[in-house]
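Each chain, letter by letter, is given below.
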Amino acid sequence: MEKRNIKFSPPDVGELEIKYVAEAMRSGWITTGPRTKELEKRIAARVNGYGGEGVPRCVCLNSATAALELALRLLGVGPEEGGSAEDEVITCAYTYTASASVVVHTGAKLVLVDCTDKPGSVELDYDMLESAITERTKAVIPVDLGGIPCDYDRIFEIVERKRGLFCPASPMQKKLGRVAVIADAAHAFGASYKGTPVGNVADFTAYSFHAVKNFTVAEGGALLWRSFGGDECSDAEIYRRIQLYSLHGQDKDALSKTKLGAWEYDIVGTWYKCNMTDIMAAIGLAQLERYPAMLERRRNIIGAYDASFRPLGVEVLDHYREDRISSGHLYITRVPGVDREGANEIITKMAACGIATNVHYKPLPMHTAYKKLGFDIARYPHSYDKFKNCITLPLHTLLSDEDVSYIIENYTDILREYIKIL
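Residues numbered from 1 in each chain as written. Predicted model: local features only at pLDDT ≥ 70, side-chain atom pairs only at ≥ 80, totals over all residues. Heavy atoms only, no water.

A. Quick peek at a nonpolar patch on the surface. Where nonpolar side chains cluster on the molecular surface, the patch consists of Trp263, Tyr265 and Ile267 and spans about 350 Å² of accessible area. Considering the arrangement of structural elements, one finds Trp263 in the loop between α9 (254-257) and α10 (278-309). The class of Trp263 is exposed, set by a relative accessible area of 59%. (Patch = residues over 30% accessible without salt bridge, like charges linked within 9 Å, V, L, I, M, F, W, Y side chains within 5 Å. Areas by Shrake-Rupley, 256 points an atom, 1.4 Å probe, with all protein chains shown as cover. Salt bridge = Lys/Arg side-chain N within 4 Å of Asp/Glu carboxyl O. Helix = DSSP H or I, 4+ residues; strand = E, 2+ residues; numbered from the N terminus. Buried < 20%, exposed > 50% of the residue type's maximum accessible area, 1.4 Å probe, protein only.)

B. Here's a closer look at the nonpolar core. Counting residues in each nonpolar core, the largest one holds 40 residues, and the members touching the most others are Ile182, Phe204, Leu223 and Ile242. Top contributing element to this core by residue count: helix α3 (residues 64-74), with seven residues. Look past the residues within four positions of Phe204 in its chain and what remains in contact with it is Ala71, Leu74, Leu75, Met172, Val181, Ile182, Ala183, Leu223, Leu224, Trp225 and Phe228. Formed by 37 residues, the second largest nonpolar core is a distinct cluster that contains Cys150, Val181, Ala183 and Tyr361. (Core = buried A, V, L, I, M, F, W, Y, C linked by side-chain atoms within 4.5 Å. Contact = heavy atoms within 4.5 Å.)

C. Just helix α14 (residues 401-415), in detail. If you check α14, its first and last C-alpha atoms are 21 Å apart, about what 15 residues at 1.5 Å a residue would give, namely 21 Å. Those residues of α14 lying buried are Asp403, Val404, Tyr406, Ile407, Ile408, Asn410, Tyr411, Thr412, Ile414 and Leu415. Along its buried surface, α14 packs onto α10, β12 (331-334), α11 (340-352) and β13 (390-393). (Expected span 1.5 Å × (residues − 1).)

D. Geometry of the pattern of salt bridges. A full pass over the atoms with the stated rule returns 31 salt bridges. With a shortest N-O distance of 2.8 Å, Asp403 and Arg4 are connected by a salt bridge. Taken together, the positions of Asp403 in helix α14 and Arg4 in the segment before α1 (15-27) put the pair 399 residues apart, joining distant regions of the chain. You can call Arg4 partly exposed: its relative accessible area is 29%. Asp318 serves as the salt-bridge partner of Arg310, at 3.1 Å between the closest nitrogen and oxygen. Shared partners join several salt bridges into a network, and the residues in it are Glu123, Asp151, Arg321, Asp323 and Arg324.

E. View of the sheet that holds strand β5 (residues 180-184). The seven strands lie next to each other as β1-β9-β8-β5-β4-β2-β3, forming an open sheet whose pairing is mixed. Each of the sheet's edge strands pairs with one partner strand only, and the pair in question is β1 (58-61) and β3 (109-113). Averaged over all neighbouring strand pairs, the angle between strand axes comes to 20°, with direction disregarded. Pairing of β5 with strand β8 (residues 204-208), which is carried by three bridges, proceeds in the parallel orientation. Along β8, the bridge assignment pairs Ile182 with Phe204. With respect to the sheet, helix α2 (residues 34-48) is in contact with β1, β8 and β9 (221-225), its orientation differing from that of β1 by roughly 130°. Strands β4 (137-141) and β5 of the sheet are contacted by helix α6 (residues 152-161), whose axis makes an angle of about 155° with β5. (Pairing = 2+ DSSP bridges. Axes fitted to C-alpha atoms, helices over the stretch in contact; angles between N-to-C directions.)

F. Region of the structure containing the sheet that holds strand β7 (residues 196-197). Pairing in this open sheet of three strands is antiparallel, and the strands run β7-β6-β11 from one edge to the other. Across the chains shown, the open sheet's two edge strands, defined by having one partner strand only, are β7 and β11 (324-325). Pairing geometry for strand β6 (residues 192-193) and β7, over two bridges, is antiparallel. When the sheet's bridge partners are listed, Tyr193 is paired in β7 with Thr196.

G. Seen up close, helix α13 (residues 381-388). Three or more residues of α13 are buried, namely Ser383, Lys386 and Phe387. Looking straight down α13, one finds that the buried residues subtend no more than 95° of arc, so they occupy a single side. In this structure, the buried side of α13 is in contact with β10 (315-316), β12, α11 and β13. (Arc of directions from axis to C-beta.)

H. Structural detail: the packing of aromatic side chains. The full count for this structure, using the stated rule, is 17 aromatic pairs. Measuring from ring centre to ring centre gives 5.8 Å for Tyr152 and Tyr193, while their planes differ by 80°; the resulting arrangement is edge-to-face. Of the two residues, Tyr152 is situated in helix α6 and Tyr193 in strand β6; the sequence distance between them amounts to 41 residues. Accessibility expressed as a relative area gives 1% for Tyr152, which makes it buried. Here Tyr245 and Trp271 contribute two aromatic rings whose centre-to-centre distance is 4.8 Å and whose plane-to-plane angle is 55°, an arrangement assigned as tilted. Note that Tyr245 is positioned in helix α8 (residues 235-246) and Trp271 in the loop between α9 and α10, a separation of 26 residues in sequence. Given the relative accessible area of 2%, Tyr245 is considered buried. The exposure class of Trp271 is partly exposed, given its relative accessible area of 28%. (Phe/Tyr/Trp six-rings, centres within 6.5 Å; stacked < 30°, edge-to-face > 60°.)

Here it is in structure tokens:
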């Protein structure tokens, strides 16, 4: 087969996105404005049934990282928000840094648990999660890695059982009465758990719309939440507070200030700048129109990969189950019988064939920043085992059927050198 040049994860941006961006630029309004507000409403309608009454339970931001951090701050986690430096937040060691660094940003204490040793899964270890919860725990951040939802029933059962330990320190914590569940769904826009869209399962959900994600606005994300009720925790109040956090603590956004005589504003907190622009939102509005077909294409590619690689003994993720439907974000494989050095050799050979691959993820305790925080990979053996022979194949909607066949043929041929049973 003639050599091809296959990128790992290029953005699927077409003429519709270009058209919508051009319209935004010609409109004279390119920062946060009507298109951002419309995207919030459409995402909320897709995820939590927003019907146009009140505010949508969605705020578009510049990243999933910002969304995760703002969820923690809304909850009052950390000394800057009325909490304590002793507040603890738990996430998995097998993830990207954004799942954990946001805890450090708030001044709270990061607690890492290992991932499961279950084949076909990179979810956190639920037994270890339960053991890690103390009276200082304020939140847990489960990671829907690869777009596959975690077992949220199990997570909620755990935090409910631990309710007696919980010591609330903010109105929202008191309203919950238990450890908060903040989903890192950076990969999982379009996924569902037991028929419910991810985004309407956890207390808070953070999406990423980065350039390499299934759904992109170039750089961006969104924070969604389930209704808490009560004046201090109403949807309108949560929406207002996120707006304040994302726009320097300014009590009036730029769109509101365009009304005649409405220039005056107040700064009610020395907060952050992490809003989404209308140019970004224009890309998102176009992507939403195309997204069902894009998800279906990913599912078809995963089906072709599974049919080829499972019979070889290659461990792959379970993307589509009766109770959980993935967004199909990553195709992670684990090659039996090889270590990291062997897996790296395979990656190099795939590159020689013109196929870009990747690794998801190098566990956090192996990185310098987390070593400095006192984490040791020896305490997370399952995370290391998942990493040591991991290779992620290209999975995106710009792959043609011929590209998919080319990847399958070359990966199979290369694996024959390493998997002795073939």
